[in-house]
Amino acid sequence: MRRAIFAAVVTAVGLVLLLSFKPHDLAVAEPRSANAGPWTGDGASLGDDTGTMVDGDVTDTRWGPVQVRIVLSAGKLTGVQVLQAPAGTSMDVAINDRALPILDREALTAQSARIDTVSGATYTSDGYVRSLQSALDRAGL
Amino acid sequence: MGTVFSFDVRDGDFEHAVAEAVDWLHHVDETFSTYRPESVVSRLDRGELTLADCPPEVAEVLRLCDDVSRASHGYFTSHPDGRLDPSAVVKGWAIERASRILTRAGAVNHCVNGGGDVQLTGSAAPGSPWRVGIAHPLRPGELAAVVTGRDLAVATSGTAERGAHILDPHTHRPATALASITLVGKSLTLTDAYATAAFAMGHAARDWVEELEGFGAFAVTAFGATWHTGDFPELAILAD
């Protein structure tokens, strides 16, 4: 049920991105090694990797290109994968380690039967959202 | 970089009201962004505008900042880096106002989530309270707790939000005792601002929130232990 609700919400509203709420500085204790290859979030348990895949636009950010892919099953959003994400700086690591899994989780757990939404300290990549929105538009969600 | 806002309206077609709420958030962004040199707040900070030149909501927000700063014994500040930056109040305040726009339009059961800070109005379904997962700050992909209820505000502050850069205004050093702290109240404006102050306080936040009427707190410490304030029936802890 909630899956349909989430998809409908995305359809009606899109995702609102506001710069004023951007965090100031980011510090990550232990940079992960650079990974230019596909980055698929925090594990398969979060999303369904089988189903129809729709790629979002490659969006340029000041940290490098970002591209996501959405996974649809029976017309419902069931997974979000990151095809490209910047790597190499602490900012990139912060995006990869924090924002992407959290947004992924927000998108997916919001659809589970037990949880309506997620509260957590987050920030999100502008490029990620734009690529995600383009994929959602392309999928007609 | 920015924050994603999502709207979840449970009954009926309120596309028009959601569009109005989105317009409101864009207006707030243009007025209060410290990242836009031409925003009202940036110009106010540079002395190009006086408070009297600004839209009335600027004075309202600055008053709120002062209130929260007083209530938190200075652990909340509108000048975290020496510059005017009321963002920590603006976000919760803007979400609460967006939620009110929806309620006024008749969407009495909805959830507005702005980057993990949530205002919930009504219930998820008839007879079913809202269920809000609290992201575990140290274990990506896991929930640390679930908060359940009607007409709730839930806000979490933590290191994931600003790196290790929520400063303790008294020591000017990053607050490091907690990995995250979640405050639960009725309205998001104070709940969110208090969460920021509580994070800066560290463990002392426990006694502080106990004294606050109508708020509960749940914290995950830097070492992964958890604690919460007493009398918190909405809270179910999943991780220890």
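Under an unreviewed UniProt entry, the name given to chain B is FAD:protein FMN transferase, and the source organism is Planotetraspora mira. UniProt, in the comment section headed Catalytic activity (unreviewed entry), describes chain B in these words: "L-threonyl-[protein] + FAD = FMN-L-threonyl-[protein] + AMP + H(+)". Under Cofactor (unreviewed entry), UniProt gives the following word-for-word description of chain B: "Mg(2+)".

The name an unreviewed UniProt entry gives chain A is FMN-binding protein, with Planotetraspora mira as the organism.

A. Representation of the confidence of the model for chain A in the model. Of the residues in chain A, 26% reach a pLDDT of 70 or more, and the chain-wide mean stands at 53. Across residues 88-99 of chain A the pLDDT falls below 50, and counting only partners more than four positions away or on other chains, this stretch makes 33 contacts in the model.

B. Layout of the packing of helix α1 (residues 15-32) of chain B against helix α4 (residues 87-104) of chain B. Residues and elements named next belong to chain B. In contact at an axis separation of 9 Å, α1 and α4 are set at 155° when each is read in the N-to-C sense. Judged by the inter-axis angle, α1 sits roughly antiparallel to α4. The element α1 and its partner α4 pack so that their crossing is right-handed. Residues A17, V18, E20, A21, W24, L25, V28 and F32 of α1 touch α4, and the partners they reach there are V90, W93, A94, R97, A98, I101, L102 and R104. The residue makeup of the contact of α1 with α4, split by class, is 13 nonpolar, no polar and 3 charged.

C. The nonpolar core, seen in detail. Residues and elements named next belong to chain B. By size, the foremost hydrophobic cluster in this structure holds 58 residues, and its most contacted members are F7, W93, L102 and I181. If we skip the residues at most four places from it in the chain, L102 touches F7, V9, A17, V18, A21, A107, H110 and V112. Among the nonpolar cores identified, the runner-up in size contains 18 residues, and W130, A144, A145 and F232 belong to it.

D. Spotlight on α4(B). Across its 18 residues, α4(B) extends 25 Å between first and last C-alpha, which sits within 8% of the 26 Å expected from 1.5 Å per residue. Within α4(B), 14 of the 18 residues are buried, leaving the element largely enclosed by the surrounding structure.

E. Here's a closer look at the sheet that holds strand β5 (residues 143-149) of chain B. The mixed open sheet is built from 4 strands, whose spatial order is β6(A)-β4(B)-β5(B)-β12(B). Two strands close off the open sheet at either side, each with one partner strand: β6 (117-119) of chain A together with β12 (235-237) of chain B. Across this sheet, the average inter-strand angle for adjacent strands is 30°, counted without regard to direction. As paired strands, β6(A) and strand β4 (residues 130-135) of chain B are joined by 3 bridges and run parallel to one another. Pairing of A:T117 across the sheet is with B:V132, part of β4(B).

F. Geometry of a negative patch on the surface. Negative charge collects at one region of the surface, where B:D207, B:E210, B:E211 and B:D231 lie side by side. Structurally, the position occupied by B:E210 is in helix α7 (residues 205-211).

G. Representation of the pattern of salt bridges. Residue and element names in this part refer to chain B. For the structure shown, the criterion picks out 11 salt bridges over all chains. Of the charged contacts, one joins R10 and D8 as a salt bridge, the two residues approaching to 2.8 Å between their closest N and O atoms. Judged by its relative accessible area of 12%, D8 falls in the buried class. For the salt bridge of D151 with R150, the shortest nitrogen-to-oxygen distance reads 4.0 Å. Assessed through its relative accessible area of 46%, R150 is described here as partly exposed. When salt bridges that share partners are traced, they join R43, R46 and E48 into one network.

Conventions we followed
- In this numbering scheme, every chain counts its residues from 1 along its sequence in written order.
- For naming, the first written chain is A and the first written ligand is 1, with later ones following in the order written.
- Confidence filtering applies because this is a predicted model: local features only for residues at pLDDT of at least 70, side-chain atom pairs given and counted only at 80 or more, and all residues used for totals across whole chains, interfaces and linings.
- Note: side-chain values were computed over all heavy atoms of the structure, leaving out hydrogens and water.
- UniProt positions are given in the numbering used here, feature names are shortened, and annotations may be inferred rather than shown by experiment.
- Scored between 0 and 100, pLDDT is the confidence that the predictor attaches to each residue.
- Residue contacts follow a heavy-atom distance rule, with two residues in contact if any of their heavy atoms lie within 4.5 Å.
- Fitted lines through C-alpha atoms serve as axes, helices being fitted only where they are in contact, and the angles separating the N-to-C directions of these axes extend from 0 to 180 degrees.
- To qualify as a helix, a DSSP run of H or I must reach at least 4 residues; to qualify as a strand, a run of E must reach at least 2; elements of each kind are numbered from the N terminus.
- Note on angle classes: values under 35 degrees are labelled roughly parallel, values over 145 roughly antiparallel, values of 65 to 115 roughly perpendicular, and the remainder oblique.
- Handedness of each helix crossing follows the sense of rotation of the near helix against the far helix: counterclockwise by less than a right angle gives left-handed, clockwise gives right-handed.
- The nonpolar class holds Ala, Val, Leu, Ile, Met, Phe, Trp, Tyr, Cys and Pro. Asp, Glu, Lys and Arg form the charged class, and all remaining residues, Gly among them, are polar.
- Throughout this description, the term nonpolar core refers to a set of buried Ala, Val, Leu, Ile, Met, Phe, Trp, Tyr and Cys residues connected via side-chain atoms within 4.5 Å.
- Exposure categories follow from relative accessible area, calculated using a 1.4 Å probe and restricted to protein chains: below 20% of the type maximum is buried, above 50% is exposed, and the middle band is partly exposed.
- Helix span, expected: 1.5 Å multiplied by one less than the number of residues in the helix.
- Whether two strands pair depends on DSSP finding at least two bridges between them.
- Patch members must show over 30% relative accessible area and no salt bridge, and they are joined within 9 Å when carrying like charges or within 5 Å when they are nonpolar side chains of Val, Leu, Ile, Met, Phe, Trp or Tyr.
- Residue burial considers only the protein chains on display, and all accessible areas are found by Shrake-Rupley using a 1.4 Å probe.
- Should a side-chain nitrogen of Lys or Arg be within 4 Å of a carboxyl oxygen of Asp or Glu, the pair is scored as a salt bridge.
- For this count, His and the chain ends are skipped, Lys and Arg are scored as positive, and Asp and Glu as negative.
- Lysine's charge is taken at NZ, arginine's at CZ, aspartate's at CG and glutamate's at CD.

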